[in-house]
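Secondary and tertiary structure notes
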Amino acid sequence: MGERPAVPAAVLDRLRAIASGLPECHEEAAWVGTRWVVARATVAHVFGGEDGLVRITLRGDPEEVLAFPNLGPPYFRAGWGSNVIGVVLDDTTDWDEVGELVTISYCIQAPRHLAARVDPNL
């Protein structure tokens, strides 16, 4: 295994654009990579892996969590947390889908009064 690559600026810019529409969601440095947080709860975490791939992990609704292991690459279910899912981000990433997943994760993690201000179906 090699060193963890930096998350490309273009990926961070796309995720910033998504998160900017989520009330009181802010960006911060994580133990590795970058994460977006609401009320101290992680909404999304993007990082480079030792295998050279860039991934985002998020919280998913129960149906998504059950489906992710069966979808295959670029989707995966994380080995921690009961509702943590992820996507490998590369040149073929569907950014509309990533936006939906980040929004759903936000609605799961945010306090109810904030989540109520967001349409998770956007």
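Summarised in this report is the structure supplied together with it. Each chain has its residues counted from 1, following the order in which its sequence is written. Thresholds applied to this predicted model are a pLDDT of at least 70 for local features of residues and 80 or more for the giving and counting of side-chain atom pairs; totals over whole chains, interfaces and linings are not thresholded and use all residues. No hydrogens and no water enter the side-chain calculation; it runs on all heavy atoms of the structure.

The subject of this paragraph is the nonpolar core. The definition of a nonpolar core used throughout is a set of buried Ala, Val, Leu, Ile, Met, Phe, Trp, Tyr and Cys residues joined through side-chain atoms within 4.5 Å. Burial status follows relative accessibility: with a 1.4 Å probe on protein chains alone, a residue under 20% of its type maximum counts as buried, one over 50% as exposed, and anything between as partly exposed. Within the largest apolar cluster, 30 residues are counted, with the highest numbers of intra-cluster contacts made by Leu15, Val46, Ile56, Leu89, Val102 and Tyr106. At the level of secondary structure, the elements contributing two or more residues to this core comprise helix H1 (9-19), strand E2 (34-38), strand E3 (41-48), strand E4 (54-59), helix H2 (62-71), strand E6 (84-89), helix H3 (95-109) and helix H4 (112-115). Helix numbers and strand numbers start at the N terminus; a helix is a DSSP run of H or I with at least 4 residues, a strand a run of E with at least 2.

Turning our attention to unusual backbone geometry. Residues Pro73 and Pro74 are joined by a peptide bond in cis, for which omega reads 10°. As for its placement among the helices and strands, Pro74 is situated in the loop between H2 and strand E5 (75-77). Backbone geometry places Glu24, a non-glycine residue, at a positive phi of 60°. Note on placement: Glu24 falls in the loop between H1 and strand E1 (26-29). On the basis of relative accessibility, which here comes to 57%, the residue Glu24 falls in the exposed class.

This paragraph deals with the pattern of salt bridges. Salt bridge, as used here, is a side-chain nitrogen of Lys or Arg placed within 4 Å of a carboxyl oxygen of Asp or Glu. Taken as a whole, this structure holds 4 salt bridges when the rule is applied. As a salt-bridge pair, Arg16 and Asp13 come within 3.2 Å of each other at their nearest N and O atoms. One end of the pair, Arg16, and the other, Asp13, are both in helix H1, 3 residues apart, so they sit about a helical turn from each other. Among the residues examined, Arg16 registers a relative accessible area of 34% and is labelled partly exposed. A relative accessible area of 44% places Asp13 in the partly exposed class. Residues Glu28 and Arg35 are paired through a salt bridge, measuring 2.5 Å at the closest nitrogen-oxygen approach. For Arg35, a relative accessible area of 18% puts it in the buried group.

So, about the sheet that holds E3. The pairing criterion for strands is at least two bridges between them, as found by DSSP. Overall, antiparallel pairing links the 6 strands, which are arranged E1-E2-E3-E4-E6-E5 in an open sheet. On the outer flanks of this sheet lie E1 and E5, each paired with one strand and no other. With strand direction ignored, the average angle separating the axes of adjacent strands in the sheet is 25°. Strand direction decides the pairing type here: E5 and E6, joined by 3 bridges, are antiparallel. Opposite Tyr75, over in E6, you have Val87 as the bridge partner. Residues are treated as being in contact if the distance between any of their heavy atoms lies within 4.5 Å. Helix axes are fitted to C-alpha atoms over the stretch in contact, other axes to C-alpha atoms as well, and angles between N-to-C directions run from 0 to 180 degrees. Sheet contacts for H1: E1, E2, E3, E4 and E6; angle to E2, the most-contacted strand, approximately 5°. H3 rests against E2, E3, E4, E5 and E6 of the sheet, and its axis sits at about 40° to E4.

Here the focus is the environment of Gln109. Its location among the elements puts Gln109 in helix H3. Measuring from C-alpha to C-alpha, the distance between Gln109 and Val43 comes to 6.3 Å, with 66 residues separating the pair along the chain. Setting aside residues no more than four positions away along its own chain, Gln109 makes contact with Val38, Ala41, Thr42, Val43 and Arg59.

The next point concerns the packing of aromatic side chains. A pair of Phe, Tyr and Trp rings is counted when the ring centres sit within 6.5 Å of each other, with Trp represented by its six-membered ring. The angle between the planes then sorts it: under 30 degrees is stacked, over 60 is edge-to-face, the rest tilted. Scanning all chains against the criterion turns up 1 aromatic pair. For the ring pair Phe68 and Tyr75, a centre distance of 5.3 Å and an interplane angle of 75° mean the geometry is edge-to-face. When the NZ atom of lysine or the CZ atom of arginine is within 6 Å of a ring's centre and also within 35 degrees of its normal, the charge is said to sit over that ring. Between Arg55 and the ring centre of Phe76, over which it is positioned, the NZ or CZ distance is 5.9 Å.

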